[in-house]
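Below, each chain spelled out in residue letters.
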Amino acid sequence: MSTFDKLAPFIQDYIYRNGWEELREIQVAACDVIFNTDSNLLIATPTASGKTEAAFLPVITKLYNEPCESVGVLYIAPLKALINDQFARIEELLREAYIPVTKWHGDVSATAKNKLLKKPSGILQTTPESLEAMLMRRKEQAVKLFSDLRFIIIDEVHNFIGEERGTQLISLLERLQKLTGMIPVRIGLSATLGDIEGAEDWLNGGTERKCITPDTGVKRRRAVVMVEHFYEFAFQEKDKKNEISFYDNLYELTRGKKSIVFSNARSEVEKNIVNLKDVAKKRGEPDVFMVHHGSISASDREFVEEQMRLSDLPLVTGATVTLELGIDLGDLERIIQVGCPKSVASLSQRLGRSGRRSGVSEMCFLFEEEKRSESTEFYKAINWSFIKCIALIELYRENYIEPVLPERYPFGILYHQTMSFLYSRGEASPEVLAQSLLSEYAFRFVTQEDYKELLRYLLKIGHIERTENGGFILGTEGEKIANHYDFYSVFESDVEYSVREGSHEIGTLTRLMQPDTTFVLGGKSWMVTEIDKENKNIYVKSAEGKPPTVWDGTGEVIEHTRVLKKMKEIITTDCMYPYLGDGAKKRLAEIRQVAAGAGLETKEIFEISPDTYGISLWLGTRALNSLDYILNKLLPDRKFAEPYWPFLIVKNVTKNELMDALDYIRKNDVTESDYIVPKDAKTFGKYNDFVPENLLIKQYVDRYTDVVEMKEEISL
DNA sequence: GACCTGCTGCGGGATG
């Protein structure tokens, strides 16, 4: 019997109706796993390879053949928008099978939720936060809802793995298993995984099932990339006055092509779009420009998504990471990235957004910078983010994607899950708490001792209390926190002011603007007419000109050593890359000259001034931190280490002292106990204020240092 | 600390 024949009849009809000639390879492979094994399944194939259908076709068939007594499939996604998007697709597939699909998230009415509670069946689509709320507020109903749950499908798994939100999710799934006694088969979907084993391990967490990741050999689309570099207009050489500006270039690149212009900051997105509109106006050409980021209202973002999907016009949308996930945007012809993407994974995800129809993805990377004065230190004359970008492209071509860093000590989430557990259960003895939570995959590295310390601290600050029986319940302070609806999420949110033109919400700002000030939001200029402090509303009317945007700053990421090594290769060899434009070639040549002058190819230590040295060992963030903290101990007189990535700048030492210190590290068995960690080194987290200091340091050291890698790398 | 992501249950008032 062929795979097609095994599918439920209404699915076969659906396939005919949609004119599919055959099932995709990954869909056949997924059916094999679901029909013939009881393993978990990881579907890790490129964008537009039919992953969603690969998961749902066999799962729905099973649901049809062996109906469940409750909800049979739990689908979890990181975004409400993704749930809404998938809802329409799945609903069509199930129309004739009498299998209901229910959305369950914050925008869904109580009526719809109650309807499902009366007769739990079919497929439930939700978010980690809604699942948290269900387990906390309506545990009995949740048990009824999922008493016969067979499958859990997690979309965009890479978005969860290695993140606090993913730790929360995997903990919730395990709590649900314990409540219902069912261990559903888990299916993970992602187009961007560099570390299949790590992802399998995460997906399996607490199921005691194996995971199968079918290797279908599906190749990702051919990609055409281009990198170009500009100096700011004002800094261009005088005889080149006719040279067109950065934005004219950006305009030409997107002209007549449906595209996304990605940036790493909201303010930059706004700036790009305002300037593109300006160029269009000057040329008397149509305004096809839109904006999509986290401060644009949900309704306006939906409008942008819909326009991108349905319109025949060559629309151009400026976006941050908000358009990186799998919301359907139709066929895009070109992707532009202004500045360097954060990782190969992000680059790959953005690239995958284009070329669905043509089969060729197109992406242009654009850089603009001020010309530096000649006298600056050599390492400040190197545009590191430009070099990193070439490194990421090269690594992408080598099929490399960063591995996930499993978090061994997620104490903030352990606090959160402890509070949630106590809230839903009422009272629990210390033994039950420890047995229930520490046995979970999410907290498998946490020791009894550390948990005891956390609980003692929570008693002290009144978040939990002891009862006469010796059990724990929530304390007064703890109840305040767990009772607030902000508790369901494990990430922090700023106070936001709603920007409104009449009754229409344009978006939000994190600070209150005074009347008569102007700013840009959604690619348009606004003037504040009225503020309503109490209800957090800012009323605006249309304004002219290009006033400033309202966010600033750029952030940090954990860099991997492999990226740093590639960067070294790029600036110390003379290999030319065919995808560099003229400006980019020129800039790379300049940088290489600077690097050669400083002897970066061979020198580990370079002199900046007689008592200041730079160390260039090309280490990733975690290994570099390890080196830094060990030097703190070995060179106690060292006054100041400027972490001028990718170097370590060391002051108040002699070259010999520094060389001896590196020599010592190479020859001796240094460990984490040789660190002196600076006082301000701490991981950020919404609940870390409720975790004792030394546990936070333990968490920090685990996440942000890697002494083993450091030793290996500097001993090569 | 850049960029994202999420949200209960109630009570009061309007509407059919």
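Every chain is numbered independently, its residues counted from 1 as its sequence is written. Whichever chain is written first becomes A and whichever ligand is written first becomes 1, with later ones labelled in order. In view of the model being predicted, local features appear only for residues whose pLDDT reaches at least 70, and side-chain atom pairs are presented and counted only at 80 or more, with totals across whole chains, interfaces and linings using the full set of residues. Heavy atoms throughout the structure, all of them, feed into the side-chain values; hydrogens and water do not.

### Some points on the environment of I123
Line of reasoning, step 1. Each helix corresponds to a stretch of at least 4 residues labelled H or I by DSSP, and each strand to a stretch of at least 2 residues labelled E; elements are numbered beginning at the N terminus. As for its placement among the helices and strands, I123 is situated in strand β4 (residues 122–126).
Line of reasoning, step 2. Throughout, exposure labels follow a simple rule: accessible area from a 1.4 Å probe, protein chains only, divided by the maximum for the residue type, with under 20% read as buried, over 50% as exposed, and the rest as partly exposed. Note on I123: relative accessible area 0%, which makes it buried.
Line of reasoning, step 3. The spacing of I123 and F87 is 36 residues in sequence and 10.0 Å in space, taken between C-alpha atoms.
Line of reasoning, step 4. Only heavy atoms matter for contacts: two residues are in contact if any of them lie within 4.5 Å across the pair. Residues within four places of I123 in sequence aside, it is in contact with F56, I60, L63, V73, I90, L94, P100, V101 and T102.

### A closer look at the protein's contact with DNA strand B
Line of reasoning, step 1. Around DNA strand B sit 34 residues, and of these K80, S130, R266, R301 and Y485 come closest.
Line of reasoning, step 2. In these notes, residues near a molecule or strand are those with any non-hydrogen atom within 4 Å of it. When atoms of DNA strand B within 4 Å of the protein are split into backbone and base, the sugar-phosphate part holds 56%.
Line of reasoning, step 3. Polar contacts, as counted here, are pairs of nitrogen or oxygen atoms within 3.5 Å of one another; within protein the pair requires one atom able to donate a hydrogen and one able to accept it, and residues that are adjacent in sequence qualify only if both atoms are side-chain atoms. A distance of 3.0 Å separates a phosphate oxygen of DNA strand B from a polar backbone atom of G106.
Line of reasoning, step 4. R138 is positioned such that a nitrogen or oxygen atom in its side chain is 2.9 Å from a phosphate oxygen of DNA strand B.
Line of reasoning, step 5. Among the elements that make up the surface near DNA strand B, the one with the highest residue count is helix α7 (residues 128–137) (four residues).
Line of reasoning, step 6. Basically, the charged four are Asp, Glu, Lys and Arg, the nonpolar ten are Ala, Val, Leu, Ile, Met, Phe, Trp, Tyr, Cys and Pro, and anything else, Gly included, counts as polar. Along the lines of polarity and charge, the residues of the surface near DNA strand B split into nine nonpolar, 14 polar and 11 charged.

### Structural notes on the nonpolar core
Line of reasoning, step 1. Remark: nonpolar core denotes a set of buried residues (Ala, Val, Leu, Ile, Met, Phe, Trp, Tyr, Cys) joined through side-chain atoms within 4.5 Å. V227, I260, F365, F386, I387, F519 and L600 are the most contacted members of the largest nonpolar core, which totals 84 residues.
Line of reasoning, step 2. It is helix α15 (residues 384–397) that provides the largest number of residues to this core, a total of 10 residues.
Line of reasoning, step 3. Those residues in contact with I387, other than ones at most four positions away along the chain, are I382, M567, I570, I571, L588 and I591.
Line of reasoning, step 4. L124, A428, F690 and L696 belong to the second-largest nonpolar core, a separate cluster that totals 65 residues.

### Considering the pattern of salt bridges
Where charged atoms of side chains with opposite charge meet at close range, the side chains can pair.
Line of reasoning, step 1. Here, a salt bridge means any Lys or Arg side-chain nitrogen found within 4 Å of an Asp or Glu carboxyl oxygen. Evaluated as defined, the whole model comprises 32 salt bridges.
Line of reasoning, step 2. For D107, the salt bridge is made with K80, and the minimal N-O distance between the two is 3.3 Å. Placement of the pair is D107 in the loop between β3 (101–104) and α6 (110–118) and K80 in helix α5 (residues 80–94), with a sequence separation of 27 residues.
Line of reasoning, step 3. Looking at D107, the relative accessible area reads 55%, which means it is exposed.

### Considering the UniProt feature "domain: Helicase ATP-binding" (unreviewed entry) in chain A
Line of reasoning, step 1. Mapped onto this numbering, the UniProt entry gives "domain: Helicase ATP-binding" (unreviewed entry) at residues 32–211.
Line of reasoning, step 2. End-to-end, the C-alpha atoms of residues 32–211 are 13 Å apart, and along that stretch the chain is 49% helix and 16% strand. UniProt positions are given in the numbering used here, feature names are shortened, and annotations may be inferred rather than shown by experiment.

### Brief notes about helix α22 (residues 621–634)
Line of reasoning, step 1. The end-to-end C-alpha distance of α22 is 20 Å, a good match for the 20 Å that 14 residues give at a rise of 1.5 Å each.
Line of reasoning, step 2. The buried count for α22 comes to 11 of 14 residues, which makes it a mostly enclosed element.
Line of reasoning, step 3. Turning to α22, its buried residues number three or more, namely T621, R622, A623, L624, N625, S626, L627, D628, Y629, I630 and L631. Under the convention used throughout, the expected extent of a helix is 1.5 Å for every residue step, that is, one less than its residue count.

### Observations regarding the pairing of strand β22 (residues 612–615)
Line of reasoning, step 1. Of the two faces of β22, the one lined by T612 and G614 and the one lined by Y613 and I615 are each fully buried.
Line of reasoning, step 2. Strands were regarded as paired on the criterion that DSSP finds at least two bridges between them. Bridge count for strand β21 (residues 605–609) against β22 is four bridges, and the pairing is antiparallel. Bridge pairing in β22 links I605 to I615.
Line of reasoning, step 3. The turn joining β21 and β22, which pair antiparallel and follow one another in sequence, is formed by two residues.
Line of reasoning, step 4. In terms of strand pairing, β22 meets strand β24 (residues 648–651) through four bridges, oriented antiparallel. Of the residues in β24, the one forming a bridge with Y613 is V650.

### What to know about empty space enclosed by the protein
Line of reasoning, step 1. Using a grid of 1 Å spacing that covers the protein atoms alone, one calls a set of points a cavity when a 1.4 Å probe fits there but cannot get out, and a pocket when the set is open and has protein on both sides within 12 Å along at least five of seven lines; lining residues are those with an atom within 4 Å of a point. Grid points are joined across faces, edges and corners, and a volume is the space filled by probe spheres set on the points. One pass over the full model with this rule turns up two cavities of 30 Å³ or more.
Line of reasoning, step 2. In this structure, the largest cavity is lined by Y14, T52, E53, F56, R89, I90 and L93.
Line of reasoning, step 3. Among the elements of the structure, α4 (51–65) and α5 are those that each provide at least two residues to the lining of the largest cavity.
Line of reasoning, step 4. A breakdown of the residues in the lining of the largest cavity according to their chemical character gives four nonpolar, one polar and two charged.

### Notes on the packing of aromatic side chains
Line of reasoning, step 1. To pair, rings of Phe, Tyr and Trp, with the six-membered ring standing in for Trp, must have centres within 6.5 Å; the planes then decide the type, stacked if under 30 degrees apart, edge-to-face if over 60, and tilted in the middle. Following the criterion strictly, the structure yields 25 aromatic pairs and no others.
Line of reasoning, step 2. Each ring, one from F246 and one from Y247, has its centre 5.2 Å from the other, and the planes form 85°; the classification is edge-to-face.
Line of reasoning, step 3. Aromatic rings pair up to connect F378, Y379, W384, F606, W618 and F647 into one cluster.
Line of reasoning, step 4. Only lysine NZ and arginine CZ atoms are considered, and such an atom sits over a ring when it is within 6 Å of the ring centre and within 35 degrees of the ring normal. Here the guanidinium or amino end of R408 rests over the ring plane of F445, the centre of that ring lying 4.5 Å away.

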